[in-house]
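Geometric and topological summary
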Amino acid sequence: MLDVLGHKAFLGLHNMGRFARFIWDAITASLYSISNPSTYSLIWTQMHIIGVRSVPVVMITGAFVGMTLAVQAYDQLAGMGLEEHLGVLINVSVVKELGPVLAAIMLAGRVGGALTAELGTMKVTEQIEAVKSMGTDPVKYLVAPRVLACLLLTPFLIIFADLMGIMGGYFVSVIQFDINARAYWEFSASGVELWDVSIGVIKGFFFGCAIAAISCYKGFTCKEGAHGVGEACTEAFVASFISILALDFILAIMAKTIYSMFWPLKSLV
Amino acid sequence: MSNGNGDNQGVVTKDDGVVVLKNVVKKFGENVVLKDVSLAIEKGKTTVIIGPSGCGKTVLLKHLILLLRPTVGEVYFKGERIDEFNEHDLDKIRTNYGFLFQGGALFDSLSVAENVLFPVRQHYKITSKSGIDELVRTKLAMVGLDGFQNYYPGNLSGGQRKRVALARAIALNPEVILYDEPTTGLDPIRADIINELILKMQRGLGLTSVVVTHDMTSAYKIADRIIMLHEGKIYADGDAEHIRNHPNQIVQQFINGRVSDDDLEVLRMSGTISRSEFEPLDLEE
Ligand SMILES: Nc1ncnc2c1ncn2[C@@H]1O[C@H](COP(=O)(O)OP(=O)(O)OP(=O)(O)O)[C@@H](O)[C@H]1O
Ligand SMILES: [Mg+2]
């Protein structure tokens, strides 16, 4: 029993080590890519695949988040006669928390799944070994462009989700619940700070990185056969999902600390 | 030195060939695939590796280019020990090689022309469009596939894929080419054209080739030296004539494609297979 646990723990540590190693390789390869304009076309292709086609799903996600928040929050605020404050509540939640997290989860499914399946298939059909056999580093050729594309695009996609969330919230509050549009926007504008939006967008960098790195790693370490690829995709999604939530938590704490340290200075400026 | 069968059994040293394996052992978990293999691949010669399916031929070939690292043992390229190199340094060494994968391993998201160009794009700055078109055309013509430039691997037959993979393996004019079953899945005429191609590259350009094959016709035709791998060891080693007249029974059975009596016994033991055994009687009403 202890033996089995010990072995499991050892394997777990071993995998962590391999993942850390992979992340390190991915970072150095990405830095190399950035400094090397001849690789930009690879990044560009990935950005097209990853980014452009994700816009609609991410926008739909954002819109529903905004609308649902409005429906849920209206009754509570209306009960206290504060329905005109609805805008602050919706928009802060959307830009700071729900927009980034839900958009990232959507991307983990859409983009992460595709990345793992693609690289996993390349692994089992020896295409990754073929890249190596021709003297090219597969991490440079395959992983770096994907990580960079995800890292650069996720913040933009989050902005799209935010915009749609704001519109969704507005639509339900003003058109459905008849809240005065002017009051709605005024309260929103005074309640949502640039800080809130920036936090949401900065989260995007981290989420994008995590999704790409985890999905590529799972593809690269995929086991034999169709079953292996399927399993890798599932594991990649679960791992991305959990790390998005965990990162969100950590970033929220860090943001709060930084905010309380530096924001008071604003009044001095 | 000799093992009594006239096989080359000398102790290899690092300068005996372009690529040298010294006392290589490879284990996958508990599974020992190579047990102490020493082998020097001579420059400008064609070495053919034969052996039963699953005996570790592909594993051996991948050690020559360090796509797999030995569990124990040493690998040398031109006298330099490379099995301790990191991946970055190995990438430089690997540009001296061409590797034809058993399954082709073409990039299925790239067209045939882009597949052939892949190694060129990775290592050279391409300046002239007509130059690269010409390069792709020559390489594809060598394997009889000029005109297929814009096809994707998914739309090719198994044999055609293998030939595109061969064109890609020779795109950089490497010094050492490792072929994993180049003629499997090709019709006899096409297979012979590939044999001629291997011979031509060896004689004309002085390339070193290592060919894994099950095809004895091809082996006799192209080999300067034939090695039989069996149970993780080099079982026989010599020129075509030597292998053809090899005294060992297992070698003879393999090259003549005969099953041993023991294997036949297993088939006999299983009794006659009558049709009725396969009919789903139990399912009928
Ligand atoms: N990556 C790997 N992980 C684990 N085991 C492996 C791996 N690659 C090969 N093996 C094992 O090594 C043994 C030899 O495989 P190999 O592919 O070299 O056979 P082969 O001689 O090329 O056979 P064939 O003629 O059918 O291609 C097999 O038992 C296989 O299970
Ligand atoms: Mg094989």
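Quick look at the structure, then. Note that this is a predicted model, so its numbers are computed, not measured.

What follows concerns the site of ligand 1. All names here are of chain B. Near ligand 1 lie 13 residues; those nearest to it are Ser-53, Gly-54, Lys-57, Thr-58 and Gln-102. One of the backbone N or O atoms of Gly-54 is found 2.8 Å from an oxygen atom in ligand 1. Gly-56 has a polar backbone atom sitting 3.0 Å from an oxygen atom of ligand 1. Within the complex, the protein chains bury 61% of what would otherwise be the 630 Å² of accessible surface of ligand 1. Those elements that place two or more of their residues in the shell around ligand 1 are β2 (31-41) and α1 (57-64). At three residues, α1 tops the list of elements feeding residues into the shell around ligand 1.

The next subject is the coordination of the magnesium ion (ligand 2). Protein coordination at the magnesium ion (ligand 2): the donors are Thr-58 of chain B (OG1) and Gln-102 of chain B (OE1), at 1.9 to 2.2 Å from the metal. Of this pair, Thr-58 of chain B sits in helix α1 while Gln-102 of chain B sits in the loop between β6 (97-100) and α3 (112-123); the two residues are 44 residues apart in sequence, bridging distant segments of the chain.

Attention shifts here to the sheet that holds β2 of chain B. All names here are of chain B. Within the open sheet, the four strands sit side by side as β2-β1-β4-β5. Their pairing is antiparallel. Edge positions in the sheet fall to β2 and β5 (80-81), since each has one partner strand and no second. In terms of strand pairing, strand β4 (residues 72-77) meets β5 through two bridges, oriented antiparallel. Of the residues in β5, the one forming a bridge with Phe-77 is Glu-80.

Here the focus is the pairing of strand β8 (residues 208-212) of chain B. All names here are of chain B. Across the five residues of β8, five count as buried, placing the element largely inside the fold. Burial along β8 is two-sided: the face carrying Thr-208, Val-210 and Val-212 and the face carrying Ser-209 and Val-211 are both buried. The pairing of strand β3 (residues 46-50) with β8 spans four bridges and is classified as parallel. The residue bridging Ile-49 from the neighbouring strand is Val-212, located in β8. Bridge count for strand β7 (residues 176-180) against β8 is five bridges, and the pairing is parallel.

Right, let's get into the sheet that holds strand β10 (residues 233-238) of chain B. Residue and element names in this part refer to chain B. Reading across the sheet, the six strands line up as β6-β7-β8-β3-β9-β10 and stay open at both edges, with mixed pairing between neighbours. The two strands at the open ends of the sheet, each matched to only one other strand, are β6 and β10. Strand-to-strand twist of the sheet, defined as the mean angle between neighbouring strand axes without regard to direction, takes the value 15°. Across the face of the sheet, helix α6 (residues 188-205) comes into contact with β3, β7 and β8 while running at roughly 165° to β7.

Okay, the packing of aromatic side chains next. What characterises a pair of aromatic rings is the spacing of the ring centres plus the angle enclosed by the ring planes. All names here are of chain A. Under the counting rule described, the total for this entry stands at 14 aromatic pairs over all chains. A centroid spacing of 5.1 Å and a plane angle of 15° characterise the contact between Tyr-170 and Trp-185, whose relative ring orientation is stacked. Here Tyr-170 is found in helix α6 (residues 138-176), whereas its partner Trp-185 is found in helix α7 (residues 181-191), with 15 residues between them in sequence. Aromatic pair Phe-237 and Phe-241: ring centres 5.8 Å apart, planes at 85°, arrangement edge-to-face. In this pair, Phe-237 and Phe-241 are both assigned in helix α9 (residues 225-262), four residues apart and thus about one turn of the helix distant. Judged by its relative accessible area of 30%, Phe-241 is partly exposed. What links up through ring pairs into an aromatic cluster is the set Phe-19, Phe-22, Tyr-217 and Phe-220.

Scoring rules and cut-offs
- Residues numbered from 1 in each chain as written.
- Chains lettered and ligands numbered in written order.
- Predicted model: local features only at pLDDT ≥ 70, side-chain atom pairs only at ≥ 80, totals over all residues.
- Heavy atoms only, no water.
- Near = heavy atom within 4 Å.
- Polar contact = N/O pair within 3.5 Å; in protein donor to acceptor, adjacent residues only side chain to side chain.
- Areas by Shrake-Rupley, 256 points an atom, 1.4 Å probe, with all protein chains shown as cover.
- Helix = DSSP H or I, 4+ residues; strand = E, 2+ residues; numbered from the N terminus.
- Donors = N, O, S within 2.8 Å, 3.2 Å for Na, K, Ca; no water.
- Pairing = 2+ DSSP bridges.
- Buried < 20%, exposed > 50% of the residue type's maximum accessible area, 1.4 Å probe, protein only.
- Axes fitted to C-alpha atoms, helices over the stretch in contact; angles between N-to-C directions.
- Contact = heavy atoms within 4.5 Å.
- Phe/Tyr/Trp six-rings, centres within 6.5 Å; stacked < 30°, edge-to-face > 60°.

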